[in-house]
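As a plain string of letters, each chain reads:
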Amino acid sequence: MLVTPATTERISSLTPTLTPRPKFHVTRKLVGVAKWPLVLLTAVYTINVSDQFLLSSMFPLLKREFGLSDTALGILSGSYLISVTLGTVPFGALADRYSRTRIIAWGTAAWGVTMIFTGLASGFVMLLLGRMVLGLWDPCDNPTSQSLLADYYPVNQRSKVMGIYQMGQLTGFFLLPIGGLMGEAWGWRATFFFFALPAFVVALLSWRLPEPVRGVQERRHQRLESDESAVIPSRYQSIPVTEAYRVILRCRSYTASLVSSAVGSLFFGGIGVWTPTFLIRYHDLDIAEATTALSVVAVGGLVGVLTAGNLADFLTHSGYTSARIGVAGVARLISAPLFIAAFLVGYTPLMLVLLSFGALFLVAAIPPLNAARVDVLHPDLRGRGTSLDAVTQSLASAASPVIYGMIADASDLRTAYMVLIPLAAVAGLILMTFALAGYRRDEQAVQEMVRREHALHLAGLTAATQVAGNTGSLPAEGRRPDPTADDAGKPEAGIEAAEDDEPLLHIEELDFSYGPIQVLFGVDMALPQGGCHALVGRNGVGKTTLLANIGGLLHAQSGRMFFRDQDLVGIPPEQRAKLGITLMAAGQSMFGSLSVRDNLWFGAYPFAGSQDLVKERLEEVLDVFPALGRRLEQRAGTLSGGEQQMVALGRALVAGPELLLIDELSLGLAPTVTAELLKVVEDIAGLGTTILLVEQSIGVALSVADTVFFMDRGQLSALGPAAALDADELAHRLLESHE
Amino acid sequence: MNSPGPASGPPVERGAADTLQPVAPTPSPPDLLEASARLAARLLGPWWNYRTRRLLFGAVITAGFVVGLVLGLIQVYDRPVLDVGEPRVRVEGLTATVQVTVRNTSEDVAYCPAVGVAALDRDGLDLAKAPAFVDLGDARLAPKASANFVGVLAGISQQDFDEQLSEYSAFVEQENPCP
């Protein structure tokens, strides 16, 4: 006897409802097609930023060749910045109306051509012309990219995505020394020619990017049912430019964030220019040390953008609905006293530490603020909204060094900092008051607008289909129907359940490929809570792949998956275990070189913080499998096949899973051993754990399962209650699918 | 914001990836953008389709990359005939004496160059600039010959010297082949 007969009573404390679920920060990987556009758009941003400052590192070389005066060099820099500002607004308008991937592709290609033209300059006029035209192309990426990112990536990951994108700006700064070294070694012309080359590469790659449908992530966020590739018209697609800006500025939280950014820029726009001078004047550093110290501070900024995005998304997900604005506002507020302390202390290392933390909080505000700005703007207005913000910030940043200089001339540089640093706090206060007050309403208004447009779109389709004789009903307001409801708008492999019963696991249109080989094709599944459900199908049809997707070992290229209301997309497997999903893989799903005890300990991973709880649960599991209790110190690999499956099942049981995924329990086992293990599986299901059992043996599946799913060539269908199924008929169906 | 979110892989906008035409099917009131797009479409007529746009883009990318690479490599190998060495600086008070070696790499042409030295701030702008002269002999640089040029930089303010001065630079203002 492998297992104890009276298991039900003994394993009661292992029931999912009695199992404490640890609170933790759900993090998400960017999955599917998601990563590549973000990497590419960040690279485009990096290249553009590196170019903005390339010219100044070429000044000595240009002066030597053309005998330019400092005024002429100043004109080159100034004209470029004016061109960038002039180009930003039209590109924002273009981004809202035309294919954004094409805008970036053509804009970046034109940028590369202009770089080559500039490298061929034979005199000041040609150089000036080149720089001005270059400035016009430069803003092709920022408003366009932010609009694209909002449609590429889920709403609940928007801050994180904006944080990664913002890294492009910081990495662009780090590329600057490369330009200087190339100029010294090969001359300024070669530098311009070589800097043009990556532009052509990213332009080509941008051309190949898919153009996402505007607002599709808002539709997905609200789980609106429709053909997602359909372009849904909105009134903003056809309004004049001036009217569009009026609409944008009427959005209270957007306008507040715009003012906040402008006020903040008046402070931090001059930091890069004046801080080296401050370090020289007040800390007796030489110029090389001061410049190096400033680059150390930039590292603080890098940490800021990477952490703030995640934090804002986490808080948003935890129920703090305005967390994006809140994180940005608090970060700005915290940065102010840190900067004040930094510019008051006399001890240089302490000053640099304070400066780094100040920069961390200052920059940390950018990703969540960018995400919030996108949240409150209609998908058809985001390009213009982002460009307006960029222009405002540029103008304020340009004025900032002048204001510093004026105050420093009138008093001294430290006073200038003391006067201007509070502007960071003012920027934070604006966010925490005006923006925070309006954000939720504005964000919901955008969601509502998308929902209405969607409903109108569906109503139009309904009318069209009714004219064509199709009387299929569509859901009110376009909301995705309850997949368990009788009148669900689409066929779905769900087990019929009471209308108020939410499925424990809900999968929609899941596609998965191993490289070029697609294995899962639009899998839909509504797995009811409780009971044992079998997934049958012949070898190689995708059963294990589906389980691995649910367990988080594999990530689908497209589709949705919800565990209760938790969106599982991107959540790594160890966090799914904490949520209550445990996967028992096929074969000997244990670590052969470890002892039985250590194997069971692995299953207690979600309770790693509570040793007493782990111990208690291990004892409970050993009550279920007394045979294992006598072999706790034995290497698991030396156990018999049945005992190894017991170890695997015990390891799964320790976690007290709500959903237990079992792959091929009977594989390679004697029928008597299988029968005993199945008894345990039934007992586990009896405790309230929902079990999804993958089986090739129809007899085993029907003997233990309440309901049966059938998989064939990567497509899933629900066969219904096991009791109503005929084993021979099912076997016949399996054989048919084999042909 | 805390309701279940969406998944990966946004769908592709039908037709939008292939075109620079407006993605919105609804008619727009005339504005500058629309008018420009219509005018361009009218002028270019049937030639302006997806295929021609793709061809044009491919041509721009290919030509741009090849031209940029070739021109860059030419610049790498096409070095100035007069090679200016690293400047050596002696500072006394606010006055800097900058010495630099200039080498004529030409096989057969002699040069009589005009050489300058400068003190630069951290933006690369001049704080002071002066001509440099050969310290010994004449300024004629025979093929494969070298000469030391010396320039004196004065007039930098104490504040600029402390806060702005980043580096010293030497450069050939004019190559001037000798008659």
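A. Spotlight on the environment of leucine 594 of chain A. All names here are of chain A. Position of leucine 594 relative to the elements: it lies in the loop between strand E6 (581-584) and helix H24 (596-603). Accessibility expressed as a relative area gives 26% for leucine 594, which makes it partly exposed. Taking C-alpha positions, leucine 594 is 6.1 Å from alanine 636, a pair spaced 42 residues apart along the chain.

B. Spotlight on helix H2 (residues 50-77) of chain B. Taking 1.5 Å of rise per residue, 28 residues should cover 40 Å, and H2 of chain B covers 40 Å from first to last C-alpha, within 8% of that figure. Buried residues of H2 of chain B: Arg53, Phe57, Ile61, Gly64, Gly68, Gly72, Gln75 and Val76 of chain B, and no others.

C. Structural detail: the pairing of strand E4 (residues 114-121) of chain B. All names here are of chain B. Burial within E4 is extensive, with seven of its eight residues counted as buried. With eight bridges joining them, E4 and strand E7 (residues 165-174) adopt antiparallel strand pairing. Paired with valine 117 across the two strands is alanine 170, which belongs to E7. When E4 meets strand E5 (residues 126-134), the two strands line up antiparallel, connected through six bridges. In the strand pairing of E5, alanine 119 is matched with alanine 128. Between the end of E4 and the start of E5, which pair antiparallel, lie four residues, with glycine 124 showing a positive phi angle near 85°.

D. How the structure looks around the nonpolar core. Residues and elements named next belong to chain A. Judged by nonpolar contacts, the single largest core of 60 residues is most densely connected at Leu62 and Trp188. Examining the composition of this core, we find that 13 residues originate from one element, helix H10 (residues 188-207), more than from any other. Leave out the neighbours within four places in its chain, and leucine 62 touches Leu55, Gly67, Leu68, Leu73, Leu127 and Trp188. Core analysis: the second largest hydrophobic core is formed by 42 residues, Phe625, Leu632, Leu649 and Val681 among them.

E. Quick look at the state of the cysteines. Residue and element names in this part refer to chain B. This model, assessed by the stated rule, comprises one disulfide over all chains. Covalently, cysteine 112 is tied to cysteine 178 through a disulfide, its sulfur atoms 1.9 Å apart. Across the S-S bond linking cysteine 112 and cysteine 178, the dihedral sits near 115°, which makes this disulfide right-handed. Here cysteine 112 is found in the loop between strand E3 (95-104) and E4, whereas its partner cysteine 178 is found in the segment after E7, with 66 residues between them in sequence. Note on cysteine 112: relative accessible area 26%, which makes it partly exposed.

F. Spatial organisation of the confidence of the model for chain A. Residues and elements named next belong to chain A. Taken as a whole, chain A shows an average pLDDT of 83; of its residues, 90% reach a score of 70 or greater. When the elements of chain A are averaged for pLDDT, helix H1 (residues 7-10) gives the smallest value, 48, and helix H16 (residues 323-342) the largest, 96. Scored below 50 in pLDDT, residues 5-9 shows four contacts in the model against residues more than four places distant or in partner chains. Within the model, the stretch residues 467-500 combines pLDDT values under 50 with 64 contacts to residues more than four positions away or in other chains.

G. Here's a closer look at the pattern of salt bridges. What the rule picks out here adds up to 28 salt bridges over all chains. Across the pair aspartate 389 of chain A and arginine 373 of chain A runs a salt bridge whose closest N-O atoms are separated by 3.0 Å. Of this pair, aspartate 389 of chain A sits in helix H19 (residues 382-410) while arginine 373 of chain A is found in helix H18 (residues 366-375), placing the two residues 16 residues apart along the sequence. In this pair, the class of aspartate 389 of chain A matches that of arginine 373 of chain A, namely buried. A salt bridge links arginine 90 of chain B to glutamate 92 of chain B; the nearest nitrogen and oxygen atoms lie 3.2 Å apart. If you follow the salt bridges from partner to partner, you end up with Arg100, Asp151, Arg158, Glu211, Glu218, Asp313, Arg324, Asp375 and Arg382 of chain A in one network.

H. A look at helix H17 (residues 348-364) of chain A. Residue and element names in this part refer to chain A. Between its terminal C-alpha atoms H17 stretches 24 Å, which fits the 24 Å expected from 17 residues at 1.5 Å a residue. Those residues of H17 that sit buried are Thr348, Met351, Leu354, Leu355, Ser356, Gly358, Ala359, Leu360, Leu362, Val363 and Ala364. Contacts from the buried residues of H17 go to helix H13 (252-268), helix H14 (271-283), helix H15 (287-317), H16 and H18.

I. Seen up close, the sheet that holds strand E3 (residues 532-536) of chain A. All names here are of chain A. In space, the six strands of this open sheet follow the order E6-E7-E8-E3-E9-E10, with mixed pairing throughout. Only two strands of the sheet have a single neighbouring strand rather than two, namely E6 and strand E10 (715-721). Direction aside, the axes of adjacent strands within the sheet are offset by 20° on average. Of the strand pairs in this sheet, E3 and strand E9 (residues 707-712) are connected by four bridges, and their pairing is parallel. Directly across from histidine 533, in E9, lies its bridge partner threonine 707. Against the sheet, helix H27 (residues 641-654) contacts E6 and strand E7 (659-663), and its axis sits at roughly 170° relative to E6. Helix H28 (residues 671-686) rests against E3, E7 and strand E8 (690-695) of the sheet, and its axis sits at about 150° to E8.

J. The arrangement of the sheet that holds strand E1 (residues 505-514) of chain A in detail. All names here are of chain A. If you walk across this open sheet you meet the four strands as E2-E1-E4-E5, and the pairing is antiparallel. Each edge of the open sheet is held by one strand with a lone partner, namely strand E2 (517-527) and strand E5 (566-567). Strand direction decides the pairing type here: E1 and strand E4 (residues 558-563), joined by five bridges, are antiparallel. Of the residues in E4, the one forming a bridge with glutamate 508 is arginine 560. Contacts from helix H22 (residues 543-551) reach E1, E2 and E4, with the element oriented near 115° to E1.

How each quantity is defined
Residues numbered from 1 in each chain as written. Chains lettered and ligands numbered in written order. Predicted model: local features only at pLDDT ≥ 70, side-chain atom pairs only at ≥ 80, totals over all residues. Heavy atoms only, no water. Helix = DSSP H or I, 4+ residues; strand = E, 2+ residues; numbered from the N terminus. Buried < 20%, exposed > 50% of the residue type's maximum accessible area, 1.4 Å probe, protein only. Expected span 1.5 Å × (residues − 1). Pairing = 2+ DSSP bridges. Core = buried A, V, L, I, M, F, W, Y, C linked by side-chain atoms within 4.5 Å. Contact = heavy atoms within 4.5 Å. Disulfide = S-S within 2.5 Å. pLDDT = per-residue confidence, 0-100. Salt bridge = Lys/Arg side-chain N within 4 Å of Asp/Glu carboxyl O. Axes fitted to C-alpha atoms, helices over the stretch in contact; angles between N-to-C directions.

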